[in-house]
Amino acid sequence: MDIQNIEISHHQFIEKMKQQDPHFFKKLGEGQEPSFFVISCGDSRTCPSVITGMPLGEMFSHRNIGNQVSLDDQSFQASLEFSLDVLKVKYIIVLGHTKCGGVTAARTGDYNEGMKGWIKKIEKSIETYVSTHDHPEARELEEHNVRQQVINLKNHPVYQRIGEGIPIIGLLFDVESGELKRVNEIAEKTT
């Protein structure tokens, strides 16, 4: 892939959207009213709108390695506040995925020094599960990480102040099958 592929694909996208609705871009330019705020991993295989089949304008997204909800992440806090207070989203989705490099790095300790601070957040997210399960599989840790981020969101001061009652849904995207699995039922019972 190179830049020409992006240019060609972009022009095809414009033509496709104009064929479906000649006023698509005019409407898009009038503003956004997304139904969903999504916190997802930055992994290139996990674009929230693409894997859920949602059109542009339906998902306001925040992405980072390992889909972490962290109190000291000002960018996440601003995204959460904006989505709840200004955009008035109806749902929040925590979207994790299988084969997550962030979870693998946290599990194995194999990462470059520049990522240490962020990977430590993921290590903290999975440490209770690792300490109570013998040799957990990667998928178990990826699911647990999503559940933990649901809990972190429910306890986040911004959510508690202006998001109470907005459902938080934890999903795990299987990169090998394309399936989405809901994984936060346990978190809902323990908080």
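Residues numbered from 1 in each chain as written. Predicted model: local features only at pLDDT ≥ 70, side-chain atom pairs only at ≥ 80, totals over all residues. Heavy atoms only, no water.

**Q** Describe the overall build of the chain, with residues and values.
**A** When you go through the chain residue by residue, the secondary structure sums to nine helices and five strands. Walking the chain from its N terminus toward its C terminus, one meets helices and strands in the order α-α-β-α-β-α-β-α-α-α-α-β-β-α. Taken against the 2.2 N^0.38 rule, which gives 16 Å for 191 residues, the C-alpha radius of gyration of the chain at 18 Å falls within 12% of a compact globule. With the model as given, the accessible surface of the chain reaches about 11000 Å², and the carbon-plus-sulfur share is 52%. (Helix = DSSP H or I, 4+ residues; strand = E, 2+ residues; numbered from the N terminus. Rg over C-alpha atoms; globule rule 2.2 N^0.38 Å. Areas by Shrake-Rupley, 256 points an atom, 1.4 Å probe, with all protein chains shown as cover.)

**Q** Go over the sheet that holds strand β2 (residues 59–64), please, and point to the residues and values.
**A** The pairing of strands in a sheet happens through backbone hydrogen bonds and is either parallel or antiparallel. The five strands lie next to each other as β2-β1-β3-β4-β5, forming an open sheet whose pairing is mixed. Edge positions in the sheet fall to β2 and β5 (180–182), since each has one partner strand and no second. Taken pair by pair, the neighbouring strands of this sheet meet at an average axis angle of 25°, ignoring direction. Taken strand by strand, helix α4 (residues 74–86) contacts β1 (36–41), β2 and β3 (91–97), and its axis lies near 170° from that of β2. (Pairing = 2+ DSSP bridges. Axes fitted to C-alpha atoms, helices over the stretch in contact; angles between N-to-C directions. Contact = heavy atoms within 4.5 Å.)

**Q** With reference to specific residues and values, describe the packing of aromatic side chains.
**A** Enumeration according to the criterion identifies six aromatic pairs in this entry. Between the aromatic rings of Phe37 and Phe76, the centroid separation amounts to 6.0 Å while the plane-to-plane angle is 40°, which identifies the pairing as tilted. Here Phe37, found in strand β1, pairs with Phe76, found in helix α4; they are 39 residues apart in sequence, far enough to count as distant. Overall, the relative accessible area of 0% leaves Phe37 in the buried class. By way of ring pairs, the aromatic residues Phe37, Phe60, Phe76 and Phe82 are connected into one cluster. (Phe/Tyr/Trp six-rings, centres within 6.5 Å; stacked < 30°, edge-to-face > 60°. Buried < 20%, exposed > 50% of the residue type's maximum accessible area, 1.4 Å probe, protein only.)

**Q** Would you mind going over the confidence of the model for the chain in detail, with residue names and values included?
**A** For the chain, per-residue confidence averages 93 on the pLDDT scale, and residues scoring 70 or more make up 96% of the total. Long-range and interchain partners of residues 186–191, a stretch whose pLDDT sits below 50, account for ten contacts in this model, where long-range means more than four residues apart. (pLDDT = per-residue confidence, 0-100.)

**Q** Could you give me a rundown of the packing of helix α5 (residues 101–108) against helix α6 (residues 116–132), with the residues and numbers involved?
**A** Running from amino to carboxyl end, α5 crosses α6 at an angle of 75°, the nearest separation of the two axes being 8 Å. It follows that α5 is roughly perpendicular to α6 by the angle criterion. On α6, the residues that touch Gly102, Val103, Ala105, Ala106 and Arg107 of α5 are Ile119, Ile122, Glu123 and Ile126. When its residues are assigned to classes, the contact of α5 with α6 shows six nonpolar, one polar and two charged. (Parallel < 35°, antiparallel > 145°, perpendicular 65-115°, else oblique. Nonpolar A, V, L, I, M, F, W, Y, C, P; charged D, E, K, R; others polar.)

**Q** Before we move on, could you go through the nonpolar core and cite the residues and values that matter?
**A** Most often, soluble globular proteins keep nonpolar side chains buried together rather than apart. Leu80, Leu84, Ile92 and Leu153 are the most contacted members of the largest nonpolar core, which has 20 residues in total. Looking at this core, the elements that each hand over two or more residues are β1, α4, β3, α7 (138–154), α8 (157–162) and β4 (168–173). Residues Cys41, Cys100, Ile126 and Tyr129 belong to the second largest nonpolar core, which totals ten residues. (Core = buried A, V, L, I, M, F, W, Y, C linked by side-chain atoms within 4.5 Å.)

**Q** I'd like a description of the packing of α6 against α7, backed by residues and values.
**A** Relative orientation of the contacting elements α6 and α7 amounts to 125°, with a least axis distance of 9 Å. Judged on the interaxial angle alone, α7 and α6 are oblique. Two packed elements cross with a definite hand, and for α6 against α7 that hand is right-handed. The residues of α7 that touch α6, namely those facing Ser125, Ile126, Thr128, Tyr129 and Val130, are Glu140, Leu141, His144, Asn145, Gln148 and Gln149. (Left-handed = near helix turned anticlockwise from the far one by under 90°.)

**Q** Please give an account of α6 that cites residues and values.
**A** Given 3.6 residues to a turn, an α-helix orients residues that are three or four positions apart in the same direction. With 17 residues, α6 extends 24 Å from end C-alpha to end C-alpha; this agrees with the ideal 24 Å at 1.5 Å per step. At Ile126, α6 is deflected by roughly 45°, the largest bend along its length. Among the residues making up α6, those that are buried are Ile119, Ile122, Glu123, Ser125, Ile126 and Tyr129. Of the surrounding elements, those touching the buried residues of α6 are α5 and α7. (Expected span 1.5 Å × (residues − 1). Bend = angle between axes of the 7 residues up to and from the residue.)

**Q** So, helix α1 (residues 3–20): which residues are in play, and what are the values?
**A** The end-to-end C-alpha separation of α1 is 26 Å, in line with the 26 Å expected for 18 residues at 1.5 Å each. The residue sitting at the N-terminus of α1 and contributing the capping side-chain oxygen is Asp2; that oxygen lies 3.1 Å from the backbone nitrogen of Gln4. (Polar contact = N/O pair within 3.5 Å; in protein donor to acceptor, adjacent residues only side chain to side chain.)

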